[in-house]
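Here are the chains, one letter per residue:
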Amino acid sequence: MRVSVVVIGAGPAGLAMSSRLTAKSIDHVVLERGEVAHSWHAERWDSLRLLTPNWMRRLPGSGYTGGDPDGFSTKDETIEFLGRYQKQIDAPLLPGVTVKGVRAADPGFEVVTDQGPWECEAVVAATGGMTEPRVPELSSALPPGIRQLNALEYRNPGQIDEGEVLVVGAAASGTQIAHELQVAGRQVTIAVGGHVRLPRTYRGRDIYWWMNEIGRLEERWDEVDDIGRARLVPSPQLTGTDDRRTLDLNALIDIGVEPVAKLMAVNGRRAQFSGSFANLVAGADLKQNRLLAEIDAHVAERGLDDVFGAATRPEPTRVATAATELDVSRFSTVIWATGNRPTWPWLDPAAFDHRRRVIHDGGVGAIPGLYFLGLPFLRRRLSSFIDGIGRDSGELVEHLHAHLDQLATHRESIPGVPGLSSSVRTPEKSVARAVNQLGQR
Amino acid sequence: MTTTESPTVDNGVNVEALLGARQALTDAPEAAQFQWRATCEWVNGTHSRSVIHEFSGLGQEQQHRTAYSIDADHPEIFASADNGATPPEIALVALASCITAGVATVATHRGIQLRSVKANVRAGMDLQGILGIDGDVRNGFNGIKITYEIDSDASKADIEALVAQAQKRSAVFDAIANPTTIAVEVI
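Rules behind the numbers
- Residues numbered from 1 in each chain as written.
- Chains lettered and ligands numbered in written order.
- Predicted model: local features only at pLDDT ≥ 70, side-chain atom pairs only at ≥ 80, totals over all residues.
- Heavy atoms only, no water.
- Helix = DSSP H or I, 4+ residues; strand = E, 2+ residues; numbered from the N terminus.
- Buried < 20%, exposed > 50% of the residue type's maximum accessible area, 1.4 Å probe, protein only.
- Contact = heavy atoms within 4.5 Å.
- Areas by Shrake-Rupley, 256 points an atom, 1.4 Å probe, with all protein chains shown as cover.
- Lys, Arg positive; Asp, Glu negative; His and termini not counted.
- Charge placed at Lys NZ, Arg CZ, Asp CG, Glu CD.
- Phe/Tyr/Trp six-rings, centres within 6.5 Å; stacked < 30°, edge-to-face > 60°.
- Lys NZ or Arg CZ within 6 Å of the ring centre and 35° of its normal.
- Pairing = 2+ DSSP bridges.
- Axes fitted to C-alpha atoms, helices over the stretch in contact; angles between N-to-C directions.

This next bit is on the overall build of chain B. A count of helical and extended segments in chain B gives four helices and six strands. Its helices and strands in sequence order give chain B the pattern α-β-β-β-β-α-β-β-α-α, from N to C terminus. Along the longest, intermediate and shortest principal axes, the C-alpha atoms of chain B span 55 × 40 × 30 Å. Counting across all 187 residues of chain B, residues that qualify as buried make up 25%. Put simply, of all contacts in chain B between residues at least 6 apart along the chain, 52% involve residues at least 24 apart. A total accessible area of about 12600 Å² is found for chain B, and carbon and sulfur atoms account for 54% of it. In chain B, which carries 13 positive and 23 negative side-chain charges, the distance between the mean positions of the two groups comes to 7 Å.

So, in structure tokens, the structure goes:
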């Protein structure tokens, strides 16, 4: 079947792009291996909430209208929001279709699925930034008696045996899981590498309110010093709860969690942790305070010091001397909260560099007509959040539209009407028909 | 707060060359593979002399401008001749000099003019470990503390960030803080 654009994935990114394409009358389909927000159903723990406040939970044409703009959406509320959005924008969705291959076919692409092939002129890979847990190789060195699971497999404390737990990783997922398990009565040790410390609120406002206010979330991918590094920065130590509590290492130490530095090696029963704990927390404290100083300067410049609360800096991380070696047999469970990476096993090799990372410039792929959406810092710091995906989609769809126009100009020997591409003129009915036919199968 | 390179800063570090090397090695990762070498020869008693001259990197054999030698020995209180620093002291020197080199480099990159940098290194060791008195005591340091005194116009926060970054990018910091596989063989 033919269609101008194939969008792969029906999470926030796929749906946002679908909305943009529809607004430009560009015919497309959205292929989804499961259902809308599949990974939110299948690969998130029960208590998870969005890190950003509800007012930032918006996609093109749909802002938050509920009664709690400063609250944090639960997993179920997020799933419901995305389901509602899919209906609102009437996305041409094909659920239960697994993409097997995407090959450049000059011009355009061939998209092979478990339910037949598609030919198209552009592909939007919107499968997200966390399709595969980044579990370190040393996990295989742990004794077989210790149960291992990753953050995408974790659901709730009821799933975890009695006994001590080692949570490896101290970004949002690691700190949230460590907190939940310690409160549930497990003794938790958390292994901490390079991390991002942030207070939930500062001077009476949410930290993301401030980051938005001072323009931090708008920093562009082509303006930061080292975008490769910026994209690998772990998620901040934050949680979205009704009491808006801060979830930093001090908060974990307060409830009895034992922090250690990065897990470096497992030799027999000995787990060895880095001796760099003091430097790790010093670096995180410094970066946090640099951000808070920027906020203070922003407030002072505008003469608003009386409007906002006192500039009370969080207490420095209380550095207990962290253990550098522990007997792993004390742990009954190890949870890998070591981050996730995006994978595109179905994608044309020409889209990757020699280290199997996709090449893209702000979401524009290395193959003409290939686009990525929904990756950390894709085009701006905000890209890591639903809010940013909507913004990115608006810019990428312009590029995509120009690409389709260019193809149409090349293809047509008769000069076309400027601004009217064949894709726009393609009768939408044919695609709608194809979608319907597939849906009926 | 100065965070960008300024032409008036001169700490004697050629940051442009380093940034050029970083780019070149990003494009040619095989050239980034270096091997450091030293020979260590027993002199007498606990006295040994190590010589450092050749190494490899950038895809070929390299050598220092001249051969350097380091004498190591034990102090007289252990009935040794004290012909040099002890090996653990040399390890501490390697750590401090590595971080200090990083301080100068990062400072230049960040436009911070240094007037003086001094590191005081302290490391405790319980000799019951190496003497085999108590099996629960490790041979190595029970902790290392380095105190930097840095004279420059930068703010305290910028200096702290500078020292933190220098540790983050230090080869010897990593080598001491983290486990490394060591193979010792006899031929």
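Next comes the rest of the description.
Now for the packing of aromatic side chains. Geometrically, a pair of aromatic rings is defined through the distance of the ring centres and the angle of the planes. Residues and elements named next belong to chain A. Tallying each qualifying case throughout the model produces nine aromatic pairs over all chains. With 5.0 Å between their ring centres and 70 degrees between their planes, Tyr 208 and Phe 385 make a pair best called edge-to-face. Within this pair, whereas Tyr 208 is found in helix H5 (residues 207–213), its partner Phe 385 is found in the loop between strand S22 (370–372) and helix H9 (386–411), the two being separated by 177 residues in sequence. We classify Tyr 208 as buried; its relative accessible area is 1%. When the ring of Trp 209 is compared with that of Phe 308, the centres are 5.8 Å apart and the planes differ by 55 degrees; the resulting orientation is tilted. Of this pair, Trp 209 sits in helix H5 while Phe 308 sits in the loop between helix H8 (277–301) and strand S17 (325–327), placing them 99 residues apart in sequence. Lying over the aromatic face of Trp 40, Arg 44 brings its terminal NZ or CZ to 5.2 Å of the ring centre. Positioned over the ring face of Phe 352 is Arg 356, at 3.8 Å from the centre of the ring.

To continue, consider the sheet that holds strand S16 (residues 270–273) of chain A. All names here are of chain A. Strand order in this open sheet of three strands is S15-S16-S17, and the pairing throughout is antiparallel. Pairing within the sheet leaves two strands with one partner each, and these edge strands are strand S15 (263–267) and S17. Here the strands of the sheet are splayed against their neighbours by 20 degrees on average, with no regard to which way each runs. Where S15 meets S16, four bridges bridge the pair, whose relative direction is antiparallel. Along S16, the bridge assignment pairs Asn 267 with Arg 270.

On their own, these measurements won't tell you what the molecule is for.
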